[in-house]
Amino acid sequence: RLVEAYNLEIDEAMLTGESVSVQKTAETLQGDLVVAERTNLVYGGTIITRGRGRAIVYATGLDTEMGQIASLIQETEKVDSPLTKQTADLGKKLGFLALGVAAATVIIGLMVAVDLQEIFLFALASAVSSIPEGLPAVMSITLALGVNRMAKRNAIIRRLPAVDTLGAASVICSDKTGTLTTNQMTVQEIYAGKKTLTVTGQGYEPEGKFLNQNQDFDPCEDPDTRLALKIGMLCNNARLFQHKDGKESWNIRGDPTEAALVVAAAKAGFHKETLEKENHRIDEIPFSSKTKYMATFHQNEDESVWLYVKGAPEKILECSKFIQIDGEIQELTDDLRKSIRAKNRDMADRALRVLGTAYKKINKENIEEIKENCDYDREVELVFSGLAGMMDPPRPEVTEAVQRCKNAGIRVIMATGDHYRTGKAIALQIGLLENEDEWVYTGTEVDRMDDDELDEVMKNASAFARVSPEHKHRIVQSLQRLGHVVAMTGDGVNDAPALRAAEIGVAMGITGTDVTKETAEMVLTDD
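Below you will find a few notes about this structure. (Residues numbered from 1 in each chain as written. Predicted model: local features only at pLDDT ≥ 70, side-chain atom pairs only at ≥ 80, totals over all residues. Heavy atoms only, no water.)

In this section: the packing of helix α8 (residues 223-234) against helix α9 (residues 256-267). Running from N to C, α8 and α9 cross one another at 135°; their axes reach a closest spacing of 8 Å. Of the possible angle classes, the one that applies to α8 and α9 is oblique. When the axes of α8 and α9 are compared, the crossing they make is left-handed. Residues L229, G232 and M233 of α8 pack against L261, V262, A264, A265 and A266 of α9. For the contact of α8 with α9, a count of residues per class yields seven nonpolar, one polar and no charged. (Axes fitted to C-alpha atoms, helices over the stretch in contact; angles between N-to-C directions. Helix = DSSP H or I, 4+ residues; strand = E, 2+ residues; numbered from the N terminus. Parallel < 35°, antiparallel > 145°, perpendicular 65-115°, else oblique. Left-handed = near helix turned anticlockwise from the far one by under 90°. Contact = heavy atoms within 4.5 Å. Nonpolar A, V, L, I, M, F, W, Y, C, P; charged D, E, K, R; others polar.)

Encoded structure:
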């Protein structure tokens, strides 16, 4: 429990499924809150991405969030696969059939006055011959062939019967972050100089296009977009790097939100190291929850000094007196402010996380004065340069996969610990929800339902948001009570209890945690 917090942000994706770091505070909170909303608590196993704090330990071992998940996994008995149930049923039927045949043999033998010893030997032989002792071997060989085929499709089967269970699944429950999405924040849209650009590409790989009204657009040829990308990359502490692990892959160091801006600029051909050499950083004002911005001071080769700022759009707008449009600096009129605020709302309504950028040319001797007056006001007279909207996007293959499942008569249900609005936006994008009016249930609503009420809801529900590991566990059990064979997919520790409860658990091989891989019957090596 935090007693001090200074700009403290923590990545809790493994527990909650949230793709962005959570801002922490030492303030007292009221009410019974889900894990993702307890902003005055920090959890063992999560990762600090920014700031510092001091906290008092109030729970250890099985009383921690991790411990409670471990207890839930241990308490959950693994459900028999359909094949195991069918085999057991067949065994019972064959057993009764063998006993019946043996009894009939004895009766007929006695009726025709055959020797008693011969009758019993013949009855025993007929009973034994009724048992198909070759069946287990045939089943094992058939399933092993299936395992081999699945391995060629990048799916490792950890238990033989899972091959059959996968084919019998009638519902797929899926986590969102890292499973339906990449768990890599990506800039989707840039607004600069009255132009709205769409940015393509997935994750941290610096490959993608800039589109203006669905037409290819070169951001380097446009001074407004070029400047917005430059500020986003320079007023930034994240790094993009490439490492080789069998295949070349890209990763980041630092805050995922800042990394998204670096990747967007890299897609336009900017290299952080080159830009920093040309625009040497000489000072900075770190981001804080009070000011809601970060600022850096850069000196160019011609000795000129520039102030670059990024942060909450409202705050950046409040500090700006001018705007750059078509490379020209103009006064930021009330109409322009109104249009920028409308664009910000539009992006936010589509579950994008929005940052604003601005700049100003200053005198080097004024740096200390600006730093002392950190809480900017209109007197700073920044030049507004643009907005960047980002989110953790769906994997490119997900929409088609969801549609194929629907065509095959398999229901797909999303259960995420992320925000209601984010969960709904992703569900609409991938086709889980047909329209805006469809309801997304929250963990709080699930808590209010008893098992019968939840079973009724599960007959039609397609998406759940702000759910905990216990909620996912209940959702799977409810579907099983309704007679479904459930496949559960996930990557985080919070998915492990539901993976254990489902007939078949499917873990992500790249982004998945060790707990999910150990719990699952199937591991996707390529996610």
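Let us now look at the nonpolar core. Soluble globular proteins tend to bury their nonpolar side chains together. Formed by 41 residues in total, the largest nonpolar core has its most connected members in I340 and F384. Per-element accounting of this core gives the leading share, four residues, to strand β18 (residues 382-391). Setting aside anything within four residues of it in sequence, one finds F384 in contact with I316, L317, S320, F322, I323, Q324, L332, I340, T357 and A358. Listed in part, the 38 residues of the second largest apolar core include L227, A264, A266 and L275. (Core = buried A, V, L, I, M, F, W, Y, C linked by side-chain atoms within 4.5 Å. Buried < 20%, exposed > 50% of the residue type's maximum accessible area, 1.4 Å probe, protein only.)

Turning our attention to unusual backbone geometry. Of note, the phi angle at A113 is positive, near 60°, even though the residue is not glycine. Judged by its relative accessible area of 66%, A113 falls in the exposed class.

Another aspect to go through is α9. Between its first and last C-alpha atoms α9 spans 16 Å; for twelve residues at 1.5 Å apiece the expected length is 16 Å, and the two agree. Where burial is concerned, most of α9 is hidden: twelve out of the twelve residues are buried. Those residues of α9 not exposed but buried are P256, T257, E258, A259, A260, L261, V262, V263, A264, A265, A266 and K267. The opening residue of α9 is D255, an N-cap whose side-chain oxygen sits 3.0 Å from the backbone nitrogen of T257. One or two steps after α9, the chain reaches G269, where phi turns positive at roughly 100°. (Expected span 1.5 Å × (residues − 1). Polar contact = N/O pair within 3.5 Å; in protein donor to acceptor, adjacent residues only side chain to side chain.)

Our focus in this paragraph is the environment of A168. Within the element layout of this structure, A168 appears in helix α6 (residues 162-168). For A168, a relative accessible area of 31% corresponds to the partly exposed category. For the pair A168 and L83, spaced 85 residues apart in the sequence, the C-alpha separation amounts to 9.1 Å.

In this section: a negative patch on the surface. A contiguous patch of negative charge on the surface is contributed by E278, E301, D302 and E303. Checked against the element boundaries, E278 lands in helix α10 (residues 272-278). (Patch = residues over 30% accessible without salt bridge, like charges linked within 9 Å, V, L, I, M, F, W, Y side chains within 5 Å. Areas by Shrake-Rupley, 256 points an atom, 1.4 Å probe, with all protein chains shown as cover. Salt bridge = Lys/Arg side-chain N within 4 Å of Asp/Glu carboxyl O. Lys, Arg positive; Asp, Glu negative; His and termini not counted. Charge placed at Lys NZ, Arg CZ, Asp CG, Glu CD.)

Let us look at the pairing of strand β6 (residues 186-192). The two faces of a sheet get side chains in turn, since along a regular strand they alternate between them. Of all seven residues that make up β6, seven are buried, and the element is covered over most of its length. Of the strand pairs in this sheet, β6 and β18 are connected by five bridges, and their pairing is antiparallel. Each bridged residue has a counterpart across the sheet, and for E189 the counterpart in β18 is G389. Counting the residues in the hairpin turn of β6 and strand β7 (residues 195-199) gives two residues, including G193, whose phi is positive at 55°. (Pairing = 2+ DSSP bridges.)

Glancing now at helix α17 (residues 451-458). Buried within α17 are the following residues: L454, D455, V457 and M458. Take α17 and look down its axis: the buried residues cluster within an arc of 160°, on one side only. Elements that come into contact with the buried residues of α17 comprise β19 (411-415), β20 (441-442), α16 (443-448), β21 (463-465) and α18 (469-481). Its side-chain oxygen placed 3.2 Å from the backbone nitrogen of D452, D450 serves as the N-cap of α17. (Arc of directions from axis to C-beta.)

Enumeration according to the criterion identifies three aromatic pairs in this entry. Judged by centre distance (6.0 Å) and plane angle (40°), the rings of W306 and Y359 are tilted. Placement of the pair is W306 in strand β14 (residues 305-311) and Y359 in strand β17 (residues 353-362), with a sequence separation of 53 residues. Sitting over the face of the ring of Y58, R1 holds its NZ or CZ atom 4.8 Å from the ring centroid. Here the guanidinium or amino end of R253 rests over the ring plane of F241, the centre of that ring lying 4.1 Å away. (Phe/Tyr/Trp six-rings, centres within 6.5 Å; stacked < 30°, edge-to-face > 60°. Lys NZ or Arg CZ within 6 Å of the ring centre and 35° of its normal.)

Before going further, it helps to spend a moment on the pairing of strand β15 (residues 320-325). Where β15 meets β18, three bridges bridge the pair, whose relative direction is parallel. Counterpart to F322 in the pairing with β18 is V383. Two strands pair when backbone bridges link them, and β15 and strand β16 (residues 328-331) are joined in this way by four bridges, in the antiparallel orientation. Counterpart to I323 in the pairing with β16 is Q330. Counted between consecutive antiparallel strands, the loop separating β15 from β16 contains two residues, among which D326 sits at a positive phi close to 55°.

What follows covers the pattern of salt bridges. Oppositely charged side chains are able to pair whenever their charged atoms sit close together. Going through the model one piece at a time under the given rule, you end up with 35 salt bridges. With its nearest N and O atoms 3.6 Å apart, the salt bridge here joins E37 to R466. With E37 in the loop between β2 (22-23) and β3 (47-55) and R466 in the loop between β21 and α18, this pair connects stretches of sequence that are 429 residues apart. Here E37 falls in the partly exposed class, since its relative accessible area comes to 35%. Linked by salt bridges that have partners in common, E9, R50, E258 and K310 make up one network.

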